[in-house]
Structures are given as C-alpha cells and as structure tokens.
Amino acid sequence: MSLTDLLLGLFLLVFLATSRSQCPTNPSGIVNDTQALLSLGDRLGIKVWKETANPGAWRGVEWSSDNRVEALTLSRFNLLGVLPSIWDELPSLARLDLSQNNIFSLEVAGCKNTQLKLLNLSSNSLREVPANLSSLESMESLDLSGNFLGVARVPKLSSTLRSLNLSMNNLTGSVSIGGNLGLEALELSHNGLSGSIPETFGEMSNLMRLDISYNKFSGDLPDIWSKNLELRYLDISSNSLQGGLPPSLRRLRKLSVLSAGNNFLSGPLELEDGDFASIETLHLLRNLFNGTVPARVGSLTNLRLLVLTRNRFSGSIPPELGNCSNIREIWLNNNDLTGTIPGELSKLSHLQQLTLDGNDIGGELPSGLSNCTELVTLYLEQNKFSGNLPDSFGNLSRLLLLSLSGNNLIGSIPASYGKMSSLIGLDVGSNDLSGEVPAMLQNVLTLQFLFLSDNSFSGSIPDWLPRLRNLRAMDFSLNRFSGEIPASIGRLFANVQLYNMTTTTPLVHAQSLIYAGFAFPTTMDFSSNQLSGSIPAAIGDLYNLQVLDLSHNRLTGPIPESLGNARNLSRVALASNRLNGSIPSSVADLSFLTTFDVSNNSLVGRIPDSPQLSSMDAALFAGNQLCLEETGKVVANRTKEA
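A.B. asks: So what about helix H2 (residues 33-44)? Which residues, and what values?
C.D. replies: Over its 12 residues, H2 extends 16 Å from the first C-alpha to the last, a length consistent with the 16 Å expected when each residue adds 1.5 Å. For H2, the full list of buried residues reads Asp33, Ala36, Leu37, Ser39, Leu40, Gly41 and Leu44. One side-chain oxygen at the N-terminal end of H2 lies 3.1 Å from the backbone nitrogen of Thr34; it belongs to Asn32.

A.B. asks: Give a description of the environment of Ile317 that names residues and reports values.
C.D. replies: Mapped onto the elements, Ile317 comes out in the loop between strand S21 (312-315) and strand S22 (329-331). The buried category is assigned to Ile317, whose relative accessible area is 3%. Each C-alpha atom of the pair Ile317 and Leu356 lies 9.9 Å from the other, and the pair is 39 residues apart in sequence. Leave out the neighbours within four places in its chain, and Ile317 touches Leu332, Leu337, Thr338, Pro342, Leu356 and Ile361.

A.B. asks: How would you explain the environment of Val82 if you had to name every residue and give the values?
C.D. replies: Its location among the elements puts Val82 in strand S3 (residues 80-83). Residues Val82 and Leu106, spaced 24 residues apart in sequence, show a C-alpha to C-alpha distance of 5.4 Å. Among residues more than four places away in sequence, those in contact with Val82 are Ser105 and Glu107.

A.B. asks: Quick rundown of the sheet that holds strand S13 (residues 216-220)? Include the residues and the values.
C.D. replies: Taken in spatial order, the eight strands of this open sheet run S9-S11-S13-S15-S17-S19-S21-S23, and their pairing is parallel. Strands at the two margins of the open sheet, each flanked by one partner only, are strand S9 (172-173) and strand S23 (336-337). As judged from the two bridges shared by S21 and S23, these two strands associate in the parallel manner. Opposite Gly315, over in S23, you have Leu337 as the bridge partner.

A.B. asks: I'd like a rundown of the nonpolar core, residues and numbers included.
C.D. replies: Residues Leu72, Ile86, Leu98, Leu119, Phe201, Met524 and Phe596 are the most contacted members of the largest nonpolar core, which totals 166 residues. Elements represented by at least two residues in this core include exactly H2, strand S2 (69-73), helix H3 (86-89), strand S5 (102-106) and strand S45 (602-607). Looking at this core element by element, the count peaks at four residues for H2. Not counting residues up to four positions away in its chain, the partners in contact with Leu119 are Trp87, Leu96, Leu98, Leu133, Leu136, Met139, Ser141, Leu142 and Asp143. Counting residues in hydrophobic clusters, the runner-up holds seven residues, among them Leu401, Phe449, Phe451 and Phe520.

A.B. asks: An account of the environment of Ser562 is needed here, citing residue identities and associated values.
C.D. replies: Among the secondary structure elements, Ser562 is positioned in the loop between strand S41 (554-557) and strand S42 (571-573). According to the relative accessible area criterion, Ser562 is buried, its value standing at 17%. Here the alpha-carbon distance between Ser562 and Val587, two residues 25 residues apart in the chain, equals 8.9 Å.

A.B. asks: If you had to explain the packing of aromatic side chains to someone new, which residues and values would you point to?
C.D. replies: If you walk through the whole model with that rule in mind, you get five aromatic pairs. Taken together, a centroid distance of 5.4 Å and an interplanar angle of 25° make the contact between Phe476 and Phe481 stacked. In this structure Phe476 comes out as buried when scored by relative accessible area, which is 0%. Across the ring face of Phe148, the terminal group of Arg127 is positioned such that the distance to the ring centre comes to 5.1 Å.

A.B. asks: Go over the side chain of Thr355, please, and point to the residues and values.
C.D. replies: Following the sequence through the fold, Thr355 ends up in strand S24 (residues 353-355). When sequence neighbours within four positions are dropped, the list of residues in contact with Thr355 reads Ile330, Trp331, Leu332, Asn333 and Tyr379.

Here is what the cut-offs are and how they apply
Residues numbered from 1 in each chain as written. Predicted model: local features only at pLDDT ≥ 70, side-chain atom pairs only at ≥ 80, totals over all residues. Heavy atoms only, no water. Helix = DSSP H or I, 4+ residues; strand = E, 2+ residues; numbered from the N terminus. Expected span 1.5 Å × (residues − 1). Buried < 20%, exposed > 50% of the residue type's maximum accessible area, 1.4 Å probe, protein only. Polar contact = N/O pair within 3.5 Å; in protein donor to acceptor, adjacent residues only side chain to side chain. Contact = heavy atoms within 4.5 Å. Pairing = 2+ DSSP bridges. Core = buried A, V, L, I, M, F, W, Y, C linked by side-chain atoms within 4.5 Å. Phe/Tyr/Trp six-rings, centres within 6.5 Å; stacked < 30°, edge-to-face > 60°. Lys NZ or Arg CZ within 6 Å of the ring centre and 35° of its normal.

Below, the structure is given as structure tokens:
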C-alpha cells in the first residue's frame, strides 16, 4: 500500500468522524455522495447498494444532473433504532422518505440546512417530534403520521413549512400548532385530541386543507373561519361536535369538500344565497339535523356528492335538487322523509347513486328515473312505494344493484329487466308482487343475487337458473312456488368463489343475516312455498353450496345420500316437510356443518355419528323417530318424548 493510499484512508476516517458533529462543508472530489452513501449503507445495514457498482442503479437513490443525491426513498428498508442526520452528509438532498421502518429517533445535528424540502417519517416508532427540526430552513413538507407521538404541541418549524401531517398518532388533550400559521395543509386525524376546536385554526390564512377527523373534539362548531379564504377541504367528521354549520364556514368561496359526519350537529340545515358556492362534497352523515332538506340545495351547482344519511330530516325531497346538474350521488336514507320522488330528479344525467331507503316516501316509482342512464345503484327499500315496477327501468344498462324490498309494490317483474346487462343484485323482497319469474332474467349473466322472498310469486322454480353462471345467492322463500325442484339446480354455483362466512361488514342483506360486500355465502332458499316431490339427487352436485333451506314445503321421499357430496354446506334446513327414511350416513362427512334442521318430518333410524351432528340441539331433530348412532338412545320422536 502506498503512502497516498494510507493518507486517503486516514482522510476518509477523519471526515466521517467529524461530519456527524460538525456542519458539512463543500465536498471535495475525494469524499463525494457515492462514498457518503456507502458509509451510510454500512451504518444502516443497507446491503442492496453493494450489489451493483453503478450508483445510478442503486435502489431508492435519485441523482441530479451533476451527480449529487437529490432524493432518497428508503421506505421499507427495515431501518431500526436511531437514524443519523442523513442530510448533513448529503448536502444537496431535497427529498427524504424514511416511511414504514422502525426508527425510534433521529439525530439532528443542529446544522442549518437549506436544501431539504420534504421529510417523510411516517409509520415508524417515534414517540416525540425529533429535536432541532427547525434547522431545516427550507422544509416544506413534514410527515410524522403513523407513529406514537403523545404530545400535541408542535415546535415552531421553518417558516417555509406548508404541509404537516400528525395523523394516526397518540396525541391527546388540546392541540397547539406552535405558531406554524403559514401551513397550507394540516392533518391531525385519528388521534385522541379533545376540547374545543382551537381558534388558532381560524388565523391560518393560507390553509387549504384541514383534517381533524376521528378525534374527541367537542362543543359547538366555532364561527372562526372568515380568514380561511383559501380553505378547500375540511374534514371534522367522527368527533363530538354540536351546534349547526356557522355562517363563516358556509360562506367560504373556495370550500369544495366538507365532511362533518358522525357528530352531534343539530338544528335545521341553514343555507342562504351564496353559501357553499364551490361545494362539491357535502357529507353530514349521522348527525341530528332536523327540519326539511332546504330547497336552496338546488343552487349548489357544483355539488357532486350529497350525504344526509341518518339524520332527522322530514318533509319531501325538494324538487330543486334536480337543478344540481353535476351531482353523482344522493344519500338521503334513514331519515323521516315523506312525499314522493320528485320528477325533477330525472334530469340528473350524471347521477350514479340514489339512496333513499329507510324513509316513508310513497307514490309510484317514477319511470323517468330511466333517463338517469349513468345510475349504478338504486336503493329504495323500506319505504311506502306502491304501484307496478316501471318497465322503463330495464333501460338502465349500467345498473349494478336494484333494491326495492319492503314496499307495497304490485304486479310482476317486467320482462324488460332482462336487458339490465350489468345487474349484480336484484332485491324485490317483502312486497305484493306476483306472477312467474320472467324467463328474460336468464339473459342477465352478471346476476349474483336474486332475492324474491315474501311476495306472491307462483309457478315452478325456473329450470334455466343454471344459465346465471355468476349467481351466488337466491332467496325465493315465502312465496307460492309449486311443483318439483328441477334437477338442473345441480349445475348452480359451479363458478363462484367461496367466501369466509364469519365476515360481517354490512352491504348485502338477507333477512337477519348481514355479510360484507359480496362475501355472501352461496345460498339456495326455497323455504315456505308449496314445493312437492322429492329432493333431487343432483343436490349433491352443489359442491360450492353453503346454505340450503327447503323447509316448510311438501317434499316427500328420503334425504338423498348424495347430500354428503356437497362438502361446503354449513347450514341445512329441511324442517316441516314429509320426508321419510333415514338420515344418510354421508351427512357425517359435512365437516363445516353448523345447523342441520330436519325437525317435523317422518324420519327414522339413527343419527349419523359426527362431531358436528352430536353437538347440535335436539330440537333440530324433534318430530321424528331418530336416535343417536352411538347409544341408540331416542333423542326425538313425533311426540317429543325422551
């Protein structure tokens, strides 16, 4: 080794040792950004930078045209513990992303830095705001979300700071933003902040975005917003705020999104001329607003989303709502609305979702809604609609979900509904509909849910049902269907994906069962009809069937041995028929079975031995002549004697 090599090595050691405690000077040609990165990589355990000799290909490194590091993206690099102040060693660094690591704290040497503009420390393990961040004199964006910060007091940071994100931490008590009044975006959501909304927010004249949702703020929503002339986005949802929407808030000319759901806001929804001039989203879900939906809502010409769900609004839907020509979604469900659907809504050519369920709206369904050709979901259940199903609804070729259950509708399902080429779910349960299931529905190949329960439908179970290759749930219960169950049902559900039946997030409803999204069990419910004949052996071909209910019919003959081949069955209800013979031994192979109700038939013999059957209530076998496989003890007979 030459003297030159020894001196070079000594120089490097001295430089790296001193660079941590002293502010960097202009780099020499020897210690460049490549060498600084290698040193950082060694200390941080970043091995990928040694896999190639070309620094330009190093993962997470962005170089400027003069070969300086201007950005580092070290997200998910498994960084752990205390991180050195990287910007002290890379003086041209402008953007640093350290998100999704396990950093406990950060060394900040206190040196003035005029280059770093963006610092992302989100999703780490910080418990306090790193000290001396004010030394980053040009910082514009600081993201500390998803950490464990517990003190809701922000130190004074750079005057250039425009965006501060402290969401998803453990902040509690009242909040102080430390004089950072020049912010354009402030994110404080998903913490435990409490007390009144700070009046300081009203002094932030540059503020464009404020999110304080999912906290514990309380008291009246203050009238402090007159200086927030640039405010475009305000989310105060999921707190405990009271009162109404103050005038200074309603008069913000640039406000486009107001989300104030899940509070205790109350009183009439007051709107005056000029209010919410630019509003696109007005989201007031789950509050205590009362009175009528104001007619002035029709003057909100930029409105795209209106959510007034679960309040106490009464009266009729204002016809003026039809003037909101840009609206995409209207949510007025679960209020006390009456009257009818105004015909003016038929002018809303961009309308995609109309949700009016859980009110007392009546009259006939307006056929003019078929003019809303962009409609994707139409929820009108649990109202007082009467008359026939509009034939014109068949023209809604983009409609995915049509729910009309729980009304007073009469007549039959129009054959035109077979033209709904995108329909996924049709629910007309709990009405006074009659007639046969129109054969045209077999053309709706997208159909997954067909709910016809609690009507007066008649005729036979359609043998064309297997043509609906995406069908995963059908409920024909509580009708007047008669005849035999067609053997063609054995071809149902062949292409559907099975879902976890323990998922319970509401979206699709069936009687008392609620499942998440389309995580709905494959279901065949023909209960409480007038079906006769035997259960077809093809029932065993339904390998993907999870729920089978044939109870309360006039079925005869034995339970087919093939039932045990439907291995995914979880609930089977065959009660109150005229079935005879014994329970087939193959039922013991149904390892997912939780309910097997065969009560009130004419079954005899032994109940097959299986952990599932032996743990079930004896009432499920009552009204038969059955005994346990192991002991021969009679568990239930027609007189229900032990």
